[in-house]
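Close look at the chain arrangement
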Amino acid sequence: MSYSAIWSENKNLNAVEKTKLKKDGLDIINEIIDKYSKTGYESIYPEDIGLFKWAGVYEQKPKNGYFMLRVRMTSGIMNAAQAKTLADIAEKYGRGIANITTRGSVQFHWIKIENIPDIFYKLKSCGMSSFEACGDCTRSIVGNPLTGIDREELIDTSSIVKEVNNFFLLNRDFSNLPRKYKISISGSIYNTAHAQINDISFTPAIKTVDGEDVLGFHVWLGGGLSSTPHLAKKLNIFARQSDVLKITEAVCIIFRDNGYREKRTRARLKFLLDDWGVEKFESKIKELTGPLLKSGIDKTVSWNASYYYGIHPQKQKGKSFVGLNIPFGEITARDLAELASIADACGDQKLRTTLSQNIIISGIDDNAVPQLIKKNIFTRLPIMPKNFLGYTVACTGNEFCNLAIVETKNRARQVTSYLDKKIAMEIPVRIHFTGCPNSCGQKHIADISLQGGRIKTKDGIKDAFTLWAGGTLEGCGHFAEKIKDLTDADEVQFILEKMLLFYKKNSLPGENFTSF
Ligand code: SF4
């Protein structure tokens, strides 16, 4: 009996599961190309719209014929030709704008159904894809954006990430999971891929095997944000580099066959892990993989919240990389094309997106850097941005997102510009704006977060934010806690100003928002 036949016997399946029993999400890709792009928006069956996610396509607010399209990125790395293609798509179909997400993916808005086949074609022509960038499947793999050039990377994960991505992409054995399956693989000692907030993660570790020191990974399981956030738990497993795919596959099989399909809110891997416990989960993994080694010595020393501003030496002698700020992840097609041309002419032909919605240009000759950073584009996309502008993240918000309660990006722009005028901080404070409790803006891991809501005031119902503080992924991690109930959005900048001045005056050296 197939696994979908087993689920069909479950009388309590949620509505999405019932739709998926009728049609595999991946089937929608050809239907978009062969049917809907020709018959038009009005002809799309409502049930099929939900499956568009498997093609990387979401209906954008206010559901009047436009879509968001997200492109899969692995470790955030794209070559210059791919970046030029993305710029071209943004220019032609996305009103000249592309957005970098908090998983380092690139997405476009204002996409029309009739244009999607050409976008699929353009992406395929340069070795990219939007398929399974969304939906109940294996999403873009996050990793170390500096992989291959990082002086402090213990394992170059390029080939591992590629192998895992190629295995899962368009694999119909894994195209119907209870919900999304997020993978993080990094060989950096700075936890560059946010291990604790992914379904499965690999961070560097070392173990002596038969008298020899072997570099491999710790395995983490069951992390995730949303309205019920969980920090991932470490398994007592040492993954050799050659074990990564088989462990990732085993966990995905367990999740597919045992994950909850009744309530969408309980469908993530974290809930299954909670109910089973780590030991049971580990033994189920080993039933599928065969024996695995017990965990080795953790080689992670601290957490980089994915900021790489400035000029830095690479592992390759005589080469540097430059990290620059893309305010709130929003970049014009023209700027993206120019960065691609710079990478082509002066770098290693690569651009690297970060989980803080920014970009890195790599492989620049050390002696070419001083001239390069004088280019005009770096006044718009600075390599040393102002403190608040440079360390603020914002999710899509209600400009396009159907789930959003408030607008985020413009608000973030206004608040950070105010704070940058008013306060000079010695150390950066990371602020995250998120338009609803779903947390694409990752409110749980920021120093200060603002989560959108609505409040009744004497002037009527207004946009508002709850305030959170103290999130970090240092060590095993600690989620931000709510410190203030809904506050009028127009007041937020003044409250932040007071908070930050108090912190500046009273914090001890090295004291962050978690310990403050
Ligand atoms: Fe939309 Fe909410 Fe996600 Fe922001 S956090 S993009 S508002 S679903």
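Residues numbered from 1 in each chain as written. Predicted model: local features only at pLDDT ≥ 70, side-chain atom pairs only at ≥ 80, totals over all residues.

Here is the rule: UniProt positions are given in the numbering used here, feature names are shortened, and annotations may be inferred rather than shown by experiment.
The name given to the protein in an unreviewed UniProt entry is Ferredoxin-nitrite reductase, with Pectinatus haikarae as the source organism. Among the UniProt annotations of the protein, the heading Sequence similarities (unreviewed entry) holds the following wording: "Belongs to the nitrite and sulfite reductase 4Fe-4S domain family."

1. Overview of helix H9 (residues 269-276)
To keep it simple, the criterion reads: To sort residues by burial, count the other C-beta atoms lying within 10 Å of each one's C-beta; a count of 20 or more means buried, 12 or fewer means exposed, and anything in between means partly exposed. C-beta atoms are built from the backbone. The helix and strand labels rest on DSSP assignments: H or I over at least four residues marks a helix, E over at least two residues marks a strand, and numbering proceeds from the N terminus. By definition, residue pairs are in contact when their C-beta atoms, positioned from the backbone, come within 7 Å.
Taken together, the buried positions of H9 are Leu269, Lys270, Phe271, Leu272 and Leu273. Tucked into the core, H9 has its buried residues touching strand E9 (212-221), strand E10 (233-240), helix H8 (244-258) and helix H10 (278-289). Residue Gly277 follows H9 closely and has a positive phi angle near 85°.

2. Here we look at the pairing of strand E2 (residues 67-71)
As a reminder, the rule being used: Two strands are said to pair when DSSP picks up at least two bridges between them.
E2 sits mainly inside the fold: five of its five residues count as buried. Here E2 shows no split at all, with Phe67, Leu69 and Val71 on one side and Met68 and Arg70 on the other all buried. Of the pairings in the sheet, the one linking strand E1 (residues 57-59) to E2 comprises three bridges and is antiparallel in character. Bridged to Tyr58 within E2 is Met68. Alignment of E2 against strand E5 (residues 106-111), held across four bridges, turns out to be antiparallel.

3. Section: the site of the ligand
Going by this rule: The rule is simple: place the C-beta atom from the backbone, and if it lies within 6 Å of a molecule or strand, the residue is near it. Under the scheme applied here, ten amino acids are nonpolar (Ala, Val, Leu, Ile, Met, Phe, Trp, Tyr, Cys and Pro), four are charged (Asp, Glu, Lys and Arg), and all others, including Gly, are polar.
For the ligand, the set of nearby residues contains 13 residues, the closest of which are Cys395, Cys401, Ala404, Gly435 and Cys440. In the shell around the ligand, the residues fall into six nonpolar, seven polar and no charged.

4. Comments concerning the environment of Ser507
Considering the arrangement of structural elements, one finds Ser507 in the segment after helix H16 (492-506). Judged by C-beta crowding, with 15 C-beta atoms within 10 Å, Ser507 ranks as partly exposed.

5. Focus on the packing of helix H5 (residues 80-93) against helix H11 (residues 333-346)
To be explicit about the condition: Lines fitted to C-alpha atoms define the axes here, with helix axes fitted over just the stretch in contact, and angles between the N-to-C directions of these axes take values from 0 to 180 degrees. An angle counts as roughly parallel when it lies under 35 degrees, as roughly antiparallel when it exceeds 145, as roughly perpendicular when it falls between 65 and 115, and as oblique in every other case. Whether a crossing is left-handed or right-handed is set by the direction in which the near helix is turned from the far one by less than a right angle, anticlockwise for left-handed and clockwise for right-handed.
Interhelical geometry of H5 versus H11 gives an angle of 165° and a closest axis separation of 8 Å. Looking at the two axes, H5 sits roughly antiparallel to H11. When the axes of H5 and H11 are compared, the crossing they make is left-handed. On H11, the residues that touch Ala80, Ala83, Lys84, Leu86, Ala87, Ala90 and Glu91 of H5 are Ala333, Leu336, Ala337, Leu339, Ala340, Ala343 and Asp344.

6. A closer look at the sheet that holds strand E3 (residues 77-79)
On the basis of which strands lie adjacent, the open sheet formed by five strands has the order E3-E15-E16-E13-E12 and antiparallel pairing. Every interior strand has two partners, whereas the edge strands, E3 and strand E12 (310-313), have only one. Sheet twist, expressed as the mean angle between neighbouring strand axes with direction ignored, is 25°. Relative to strand E16 (residues 359-365), strand E15 (residues 350-353) runs antiparallel, the two sharing three bridges. Pairing of Arg352 across the sheet is with Ile360, part of E16. Lying on the sheet, H5 is in contact with E3 and E15; it crosses E3 at an angle near 90°.

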